[in-house]
Amino acid sequence: MSRALLLLSAVMLAYLAGSFPTAYLVGRANGIDLRTVGSGNLGATNVQRTLGWSWGLLVYLVDFLKGFVPTFFLPALVTVERGWPWGVAMGVAAIAGHVKPVFLMGKGGGKGVATASGVFLALAVWPTVAAIGAFLVVVVATRFVSLGSMVAAVVLAAVLLVQEGAFTPLAWVGCAIAMFVIWAHRENVRRLRRGEERPIGGRQVTGEAAP
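Calculation rules
- Just so you know, the residues in each chain are numbered from 1, in the order the chain's sequence is written.
- Side-chain atom pairs in this predicted model are given and counted only at pLDDT of 80 or more, local residue features only at pLDDT of at least 70, and totals for whole chains, interfaces and linings cover all residues.
- Excluded from the side-chain calculations are hydrogens and water; all other atoms, namely the structure's heavy atoms, are used.
- Helix numbers and strand numbers start at the N terminus; a helix is a DSSP run of H or I with at least 4 residues, a strand a run of E with at least 2.
- Lining residues are those with an atom within 4 Å of a point, where the points come from a 1 Å grid over the protein atoms alone and group into cavities, where a 1.4 Å probe fits but cannot get out, or pockets, open sets with protein on both sides within 12 Å along at least five of seven lines.
- Grid points are joined across faces, edges and corners, and a volume is the space filled by probe spheres set on the points.
- Side-chain classes follow a simple rule in which Ala, Val, Leu, Ile, Met, Phe, Trp, Tyr, Cys and Pro form the nonpolar group, Asp, Glu, Lys and Arg form the charged group, and the remainder, Gly included, forms the polar group.
- Here, two residues are considered to be in contact whenever any of their heavy atoms come within 4.5 Å of each other.
- Paired rings are identified among Phe, Tyr and Trp, the last through its six-membered ring, by centres lying within 6.5 Å, and are further divided according to the angle between planes into stacked (under 30 degrees), edge-to-face (over 60) and tilted (the rest).
- The buried label applies to any residue whose accessible area, calculated with a 1.4 Å probe on protein chains only, is under 20% of its type's maximum; exposed applies above 50%, and partly exposed to all values in between.
- Should the NZ of a Lys or the CZ of an Arg lie within 6 Å of a ring centre and within 35 degrees of the ring normal, that charge is described as sitting over the ring.
- Under this scheme, a helix contributes an axis fitted over its contacting stretch, all axes are lines through C-alpha atoms, and angles between N-to-C directions fall in the 0 to 180 degree range.
- Throughout this description, any angle smaller than 35 degrees is read as roughly parallel, any larger than 145 degrees as roughly antiparallel, any in the 65 to 115 degree range as roughly perpendicular, and the remainder as oblique.
- As used in this record, nonpolar core signifies buried Ala, Val, Leu, Ile, Met, Phe, Trp, Tyr and Cys residues forming a set joined through side-chain atoms within 4.5 Å.
- For patch building, the residue pool is restricted to those with more than 30% relative accessible area and no salt bridge; the joining distance is 9 Å between like charges and 5 Å between nonpolar side chains (Val, Leu, Ile, Met, Phe, Trp, Tyr).
- Using a 1.4 Å probe, the Shrake-Rupley method yields the accessible areas, and only the shown protein chains count as cover for residues.
- Take a side-chain nitrogen of Lys or Arg and a carboxyl oxygen of Asp or Glu: if they are within 4 Å of each other, that pair is a salt bridge.
- You can read pLDDT as the predictor saying how much it trusts each residue, on a scale of 0 to 100.

Considering unusual backbone geometry
Part 1: The amide bond that connects W84 to the next residue, P85, takes the cis arrangement and shows omega of 0 degrees.
Part 2: As for its position among the elements, P85 is in the loop between α4 (53–77) and α5 (86–99).
Part 3: You will see that T79, though not glycine, has its phi angle at about 55 degrees, which is positive.
Part 4: Mapping T79 onto the fold places it in the loop between α4 and α5.
Part 5: With phi around 70 degrees, R143 is a residue other than glycine that occupies positive phi space.
Part 6: By the secondary structure assignment, R143 is in the loop between α7 (125–142) and α8 (145–164).

Right under this line is the structure:
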(Lines give C-alpha, C1' and ligand atoms only; values in the text may rest on other atoms or scores of the structure.)
Protein backbone atom coordinates (compact mmCIF):
# COMPACT_ATOMS: atom_id res chain seq x y z
CA MET A 1 0.00 0.00 0.00
CA SER A 2 1.35 3.40 -0.94
CA ARG A 3 1.94 6.06 1.69
CA ALA A 4 -0.81 8.31 0.33
CA LEU A 5 -3.32 5.46 0.27
CA LEU A 6 -2.41 4.51 3.84
CA LEU A 7 -3.05 8.06 5.06
CA LEU A 8 -6.32 8.36 3.18
CA SER A 9 -7.40 5.01 4.60
CA ALA A 10 -6.71 6.31 8.11
CA VAL A 11 -8.87 9.36 7.44
CA MET A 12 -11.65 7.12 6.15
CA LEU A 13 -11.33 4.90 9.22
CA ALA A 14 -11.75 7.99 11.41
CA TYR A 15 -14.87 8.90 9.45
CA LEU A 16 -16.28 5.40 9.94
CA ALA A 17 -15.54 5.59 13.68
CA GLY A 18 -17.37 8.91 13.85
CA SER A 19 -20.29 7.41 11.93
CA PHE A 20 -21.02 4.84 14.62
CA PRO A 21 -24.70 5.69 15.35
CA THR A 22 -24.62 5.58 19.14
CA ALA A 23 -27.87 7.42 19.85
CA TYR A 24 -29.72 5.60 17.09
CA LEU A 25 -28.73 2.19 18.46
CA VAL A 26 -29.58 3.19 22.03
CA GLY A 27 -32.98 4.39 20.87
CA ARG A 28 -33.64 1.19 18.94
CA ALA A 29 -32.61 -0.84 21.97
CA ASN A 30 -35.37 0.99 23.83
CA GLY A 31 -37.92 0.53 21.05
CA ILE A 32 -37.84 4.02 19.50
CA ASP A 33 -36.30 5.86 16.60
CA LEU A 34 -34.83 9.02 18.13
CA ARG A 35 -34.98 10.72 14.74
CA THR A 36 -38.75 10.93 15.24
CA VAL A 37 -38.74 11.95 18.92
CA GLY A 38 -38.06 15.31 20.54
CA SER A 39 -35.67 17.31 18.39
CA GLY A 40 -35.03 14.36 16.09
CA ASN A 41 -31.33 14.88 16.77
CA LEU A 42 -29.12 11.85 17.37
CA GLY A 43 -27.15 13.44 20.20
CA ALA A 44 -26.76 12.97 23.92
CA THR A 45 -29.17 15.78 24.87
CA ASN A 46 -32.09 14.29 22.97
CA VAL A 47 -31.26 10.87 24.43
CA GLN A 48 -31.17 12.27 27.97
CA ARG A 49 -34.53 13.99 27.58
CA THR A 50 -36.15 10.94 26.01
CA LEU A 51 -34.57 8.04 27.86
CA GLY A 52 -32.98 9.53 30.97
CA TRP A 53 -29.60 10.56 32.33
CA SER A 54 -27.90 7.17 32.29
CA TRP A 55 -28.51 6.65 28.58
CA GLY A 56 -27.65 10.26 27.82
CA LEU A 57 -24.30 10.01 29.61
CA LEU A 58 -23.51 6.73 27.87
CA VAL A 59 -24.18 8.28 24.47
CA TYR A 60 -22.06 11.33 25.31
CA LEU A 61 -19.15 9.14 26.43
CA VAL A 62 -19.23 6.95 23.31
CA ASP A 63 -19.61 9.95 21.02
CA PHE A 64 -16.69 11.63 22.80
CA LEU A 65 -14.55 8.53 22.28
CA LYS A 66 -15.54 8.43 18.59
CA GLY A 67 -13.59 11.65 18.25
CA PHE A 68 -10.81 11.10 20.76
CA VAL A 69 -9.70 7.57 19.88
CA PRO A 70 -9.08 7.99 16.12
CA THR A 71 -7.53 11.45 16.57
CA PHE A 72 -5.22 10.33 19.37
CA PHE A 73 -4.20 6.86 18.18
CA LEU A 74 -4.48 6.72 14.37
CA PRO A 75 -1.68 9.24 13.67
CA ALA A 76 0.79 7.09 15.59
CA LEU A 77 -0.31 4.00 13.69
CA VAL A 78 0.46 5.66 10.36
CA THR A 79 3.50 7.52 11.76
CA VAL A 80 2.35 11.11 11.34
CA GLU A 81 2.08 13.99 13.80
CA ARG A 82 -1.10 14.19 15.83
CA GLY A 83 -1.59 17.79 14.74
CA TRP A 84 -1.64 19.41 11.34
CA PRO A 85 -2.31 18.20 8.70
CA TRP A 86 -3.16 14.51 8.94
CA GLY A 87 -4.06 14.35 12.61
CA VAL A 88 -6.44 17.28 12.17
CA ALA A 89 -7.87 15.69 9.02
CA MET A 90 -8.66 12.51 10.98
CA GLY A 91 -10.36 14.54 13.70
CA VAL A 92 -12.45 16.50 11.23
CA ALA A 93 -13.38 13.24 9.49
CA ALA A 94 -14.61 11.80 12.80
CA ILE A 95 -16.79 14.89 13.39
CA ALA A 96 -18.14 14.66 9.84
CA GLY A 97 -19.01 11.02 10.43
CA HIS A 98 -20.99 11.91 13.53
CA VAL A 99 -22.90 14.67 11.75
CA LYS A 100 -23.51 12.67 8.56
CA PRO A 101 -23.12 8.99 9.48
CA VAL A 102 -22.64 6.66 6.55
CA PHE A 103 -24.33 3.83 8.47
CA LEU A 104 -27.58 5.82 8.40
CA MET A 105 -27.08 6.87 4.78
CA GLY A 106 -26.43 10.42 5.97
CA LYS A 107 -29.99 10.68 7.32
CA GLY A 108 -29.64 11.69 10.91
CA GLY A 109 -26.73 12.48 13.15
CA GLY A 110 -25.76 14.76 15.95
CA LYS A 111 -24.54 18.34 16.03
CA GLY A 112 -20.96 17.26 16.58
CA VAL A 113 -20.32 18.77 20.02
CA ALA A 114 -19.47 15.58 21.93
CA THR A 115 -17.32 14.18 19.13
CA ALA A 116 -15.57 17.52 18.61
CA SER A 117 -14.74 17.69 22.32
CA GLY A 118 -13.00 14.33 22.01
CA VAL A 119 -11.15 15.42 18.87
CA PHE A 120 -9.84 18.63 20.40
CA LEU A 121 -8.90 16.99 23.68
CA ALA A 122 -6.56 14.85 21.59
CA LEU A 123 -5.24 17.86 19.64
CA ALA A 124 -5.17 20.67 22.21
CA VAL A 125 -5.71 19.72 25.84
CA TRP A 126 -5.89 23.07 27.65
CA PRO A 127 -8.13 24.90 25.16
CA THR A 128 -10.50 21.94 25.37
CA VAL A 129 -10.43 21.93 29.17
CA ALA A 130 -11.26 25.65 29.11
CA ALA A 131 -14.14 24.99 26.71
CA ILE A 132 -15.54 22.18 28.84
CA GLY A 133 -15.29 24.41 31.90
CA ALA A 134 -17.19 27.17 30.09
CA PHE A 135 -19.84 24.66 29.03
CA LEU A 136 -20.38 23.47 32.60
CA VAL A 137 -20.58 27.01 34.00
CA VAL A 138 -23.14 28.10 31.40
CA VAL A 139 -25.28 24.97 31.74
CA VAL A 140 -25.29 25.13 35.54
CA ALA A 141 -26.16 28.84 35.44
CA THR A 142 -28.81 28.73 32.69
CA ARG A 143 -29.77 25.04 32.27
CA PHE A 144 -29.50 25.50 28.49
CA VAL A 145 -27.28 22.84 26.91
CA SER A 146 -27.49 24.54 23.53
CA LEU A 147 -26.18 27.83 24.93
CA GLY A 148 -23.42 26.01 26.80
CA SER A 149 -22.39 24.21 23.61
CA MET A 150 -22.14 27.43 21.61
CA VAL A 151 -20.24 29.27 24.35
CA ALA A 152 -17.84 26.32 24.67
CA ALA A 153 -17.18 26.35 20.92
CA VAL A 154 -16.39 30.07 20.99
CA VAL A 155 -14.13 29.68 24.04
CA LEU A 156 -12.29 26.82 22.34
CA ALA A 157 -11.68 28.92 19.24
CA ALA A 158 -10.60 31.96 21.30
CA VAL A 159 -8.12 30.00 23.42
CA LEU A 160 -6.70 28.30 20.33
CA LEU A 161 -6.20 31.68 18.69
CA VAL A 162 -4.26 32.87 21.75
CA GLN A 163 -2.31 29.67 22.33
CA GLU A 164 -1.55 28.65 18.75
CA GLY A 165 -1.56 32.05 17.05
CA ALA A 166 -4.08 33.64 14.71
CA PHE A 167 -2.40 32.36 11.56
CA THR A 168 -2.08 28.68 12.43
CA PRO A 169 -4.10 25.88 10.84
CA LEU A 170 -5.32 24.43 14.15
CA ALA A 171 -6.71 27.83 15.19
CA TRP A 172 -8.47 28.13 11.83
CA VAL A 173 -9.99 24.68 12.26
CA GLY A 174 -11.14 25.64 15.77
CA CYS A 175 -12.81 28.77 14.39
CA ALA A 176 -14.46 26.76 11.61
CA ILE A 177 -15.79 24.22 14.09
CA ALA A 178 -17.11 27.02 16.31
CA MET A 179 -18.97 28.55 13.37
CA PHE A 180 -20.39 25.15 12.44
CA VAL A 181 -21.58 24.49 16.01
CA ILE A 182 -23.36 27.85 16.11
CA TRP A 183 -24.91 27.18 12.68
CA ALA A 184 -26.04 23.71 13.79
CA HIS A 185 -27.79 25.34 16.78
CA ARG A 186 -29.54 28.02 14.71
CA GLU A 187 -33.00 26.73 15.66
CA ASN A 188 -31.98 26.76 19.31
CA VAL A 189 -30.86 30.37 18.92
CA ARG A 190 -34.30 31.28 17.57
CA ARG A 191 -35.98 29.55 20.49
CA LEU A 192 -33.66 31.26 22.95
CA ARG A 193 -34.57 34.65 21.48
CA ARG A 194 -38.29 33.82 21.74
CA GLY A 195 -37.91 32.48 25.28
CA GLU A 196 -39.05 29.05 24.14
CA GLU A 197 -35.87 27.04 24.51
CA ARG A 198 -36.32 24.01 26.74
CA PRO A 199 -33.91 23.93 29.70
CA ILE A 200 -32.31 20.65 30.63
CA GLY A 201 -34.71 18.73 32.82
CA GLY A 202 -37.52 21.13 31.88
CA ARG A 203 -40.93 20.58 30.38
CA GLN A 204 -41.18 20.64 26.60
CA VAL A 205 -43.15 23.61 25.28
CA THR A 206 -46.28 22.56 23.39
CA GLY A 207 -45.73 22.65 19.66
CA GLU A 208 -41.97 23.01 19.97
CA ALA A 209 -39.44 20.27 19.42
CA ALA A 210 -36.89 19.83 22.13
CA PRO A 211 -33.47 21.25 21.24
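Next comes the rest of the description.
Considerations on empty space enclosed by the protein
Part 1: Applying the stated criterion across every chain yields a total of one cavity of 30 Å³ or more.
Part 2: By volume, the largest cavity amounts to about 70 Å³.
Part 3: Around the largest cavity, the lining is made up of 15 residues, and of these F20, P21, T22, L42 and H98 lie nearest the centre.
Part 4: No other element matches the three residues that helix α2 (residues 22–29) contributes to the lining of the largest cavity.
Part 5: Split by residue class, the lining of the largest cavity holds seven nonpolar, seven polar and one charged.

Considering the environment of S146
Part 1: Inspection of the secondary structure puts S146 in helix α8.
Part 2: C-alpha of S146 to C-alpha of I182: the two residues are 36 residues apart in sequence and 9.1 Å apart in space.
Part 3: For S146, the contacting residues outside a window of four places in its chain are H185, N188, L192 and E197.

Quick look at the packing of aromatic side chains
Part 1: Summed over all chains, the structure comprises five aromatic pairs.
Part 2: Residues F180 and W183 carry aromatic rings whose centres are separated by 6.0 Å and whose planes lie at 35 degrees to one another, so their mutual orientation is tilted. Taken together, the positions of F180 and W183, both in helix α9 (residues 169–184) and three residues apart, correspond to about one turn of that helix.
Part 3: F180 sits in the partly exposed class, given a relative accessible area of 27%.
Part 4: Linked through ring pairs, Y60, F64, F68, F72 and F73 together constitute an aromatic cluster.
Part 5: Its guanidinium or amino end placed over the ring of F72, R82 lies 3.8 Å from that ring's centre, counting from NZ or CZ.
Part 6: Positioned above the aromatic ring of W183, the side-chain terminus of R186 is 3.8 Å from the ring centre.

Concerning the packing of α5 against helix α6 (residues 113–123)
Part 1: Viewed as axis vectors pointing N to C, α5 and α6 meet at an angle of 170 degrees, and their least axial separation amounts to 9 Å. Classed by the angle they form, the pair α5 and α6 counts as roughly antiparallel. Across the interface between the two elements, G87, V88, G91, A94, I95 and H98 of α5 pack against T115, A116, V119 and L123 of α6.
Part 2: Of the residues in the contact of α5 with α6, the class split is six nonpolar, four polar and no charged.

Examining the nonpolar core
Part 1: Ranked by internal contacts, the top residues of the largest apolar core, which has 20 residues, are I95, V119, F120, L160, L170 and I177.
Part 2: Those elements giving two or more residues to this core turn out to be α5, α6, α8 and α9.
Part 3: Beyond its immediate chain neighbours, meaning those up to four positions away, V119 contacts G67, F68, T71, G91, A94 and I95.

Quick notes on a nonpolar patch on the surface
Part 1: Taken together, the side chains of M12, L13, L16, V102 and F103 make up a nonpolar region of the molecular surface, amounting to roughly 440 Å² of accessible area.
Part 2: For M12, a relative accessible area of 46% translates into the label partly exposed.

A short note on helix α3 (residues 44–51)
In an α-helix, one full turn covers 3.6 residues, which means residues spaced three or four apart are oriented alike.
Part 1: Every buried residue of α3 is listed here: A44, N46, V47, Q48 and R49.
Part 2: Where the residues of α3 are buried, they touch α2 and α4.
Part 3: At the C-terminal side of α3, G52 shows a positive phi close to 110 degrees.

As for the confidence of the model for the protein
Part 1: This prediction gives the protein a mean pLDDT of 91; 94% of its residues lie at or above 70.
Part 2: Every residue in residues 203–211 is under pLDDT 50, and counting partners more than four places away or in other chains gives 24 contacts.

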